[in-house]
Amino acid sequence: MEKTLNWRKGLFDSNYQVFENAYLKFSLNFSSLKNSAIATTQNGIYLLRSEGYSNPETKLFNNNHEVLAVIKYDWLAFKAKITFPTGESFDWSFQNSWLSRWSLNNHVDKQIIYNSTSSSGLIHTNVDDEILVFTGLFIREYYTRILYALILLVIVMSFTRNIF
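All values derive from a computational prediction rather than experimental measurement.

Visitor: Explain the side chain of Lys-3 here, please?
Guide: Along the polypeptide, Lys-3 turns up in strand S1 (residues 3-9). Judged by relative accessible area, which is 12%, Lys-3 ranks as buried. Side chain to side chain, Lys-3 and Asp-128 meet in a polar contact 2.6 Å long.

Here's what the structure looks like:
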């Protein structure tokens, strides 16, 4: 069953809202300085908490503090792998050079394709799993924050080089 969802976020914030048929399906709220978020869905509240720098990963917890999934990042390739305790795994990757289209799939029967503009977008999915949908948005925001930090670092370094 193919579904199309809409998502939006503020221009300068990292709080996502996902809608199905104009009804709020779930929200994803990021903390300001950390790569962690709280997802509020109709089925529960979930915590995504990132750890590590050289070998980064994010763990997805439910209300009972049980790990539901682990996300491992490949910074150089801008990819990620989501692994569930059941053994099922999904690959996440950007689909274009503008970083406005990305996908999440298990290479068998489940696929989610995301499209974005600056603060909104569409999600095409054949899966009725809100955890997968908000995990794909979380990974996108994770990489967006890394890109902003790198751009800021380059700007700061160029100014300090000109000062000295």
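There's plenty left to go through after this.
Visitor: Any chance you could explain the side chain of Glu-57 here in plain terms?
Guide: For Glu-57, the position within the fold is in strand S6 (residues 57-61). For Glu-57, a relative accessible area of 19% gives the class buried. Not counting residues up to four positions away in its chain, the partners in contact with Glu-57 are Arg-49, Ser-50, Glu-51, Val-70, Ile-71, Lys-72 and Tyr-73.

Visitor: Explain the pairing of strand S11 (residues 111-116) here, please?
Guide: Looking along a regular strand, one sees side chains alternate from face to face of the sheet. Where burial is concerned, the two faces of S11 differ: the one with Ile-112, Tyr-114 and Ser-116 is buried and the one with Gln-111, Ile-113 and Asn-115 is not. Bridge count for strand S10 (residues 101-105) against S11 is five bridges, and the pairing is antiparallel. Looking at S11, one finds that Ser-103 is bridged to Ile-113. Where S10 folds back on S11, the antiparallel hairpin that results is connected by five residues, among which His-107 adopts a positive phi of roughly 60°. The sheet contact formed by S11 and strand S12 (residues 120-125) spans five bridges and is antiparallel. Considered in S12, the bridge of Ser-116 is made with Gly-121.

Visitor: Please explain the pattern of salt bridges as it appears in this structure.
Guide: Pairing between side chains of opposite charge can happen when the charged atoms of each approach one another. Taken as a whole, this structure holds eight salt bridges when the rule is applied. In this structure, Asp-128 engages Lys-3 in a salt bridge whose closest nitrogen and oxygen atoms are separated by 2.6 Å. One end of the pair, Asp-128, is in the loop between S12 and helix H1 (130-163); the other, Lys-3, is in strand S1, and 125 residues separate them in sequence. Given a relative accessible area of 53%, Asp-128 falls into the exposed group. Put simply, Lys-72 and Glu-57 hold a salt bridge, and the shortest N to O gap is 3.4 Å. One end of the pair, Lys-72, is in strand S7 (residues 67-74); the other, Glu-57, is in strand S6, with 15 residues separating them in the sequence. Exposure remark for Lys-72: the relative accessible area of 44% places this residue in the partly exposed category.

Here is what the cut-offs are and how they apply
Residues numbered from 1 in each chain as written. Predicted model: local features only at pLDDT ≥ 70, side-chain atom pairs only at ≥ 80, totals over all residues. Heavy atoms only, no water. Helix = DSSP H or I, 4+ residues; strand = E, 2+ residues; numbered from the N terminus. Buried < 20%, exposed > 50% of the residue type's maximum accessible area, 1.4 Å probe, protein only. Polar contact = N/O pair within 3.5 Å; in protein donor to acceptor, adjacent residues only side chain to side chain. Contact = heavy atoms within 4.5 Å. Pairing = 2+ DSSP bridges. Salt bridge = Lys/Arg side-chain N within 4 Å of Asp/Glu carboxyl O.

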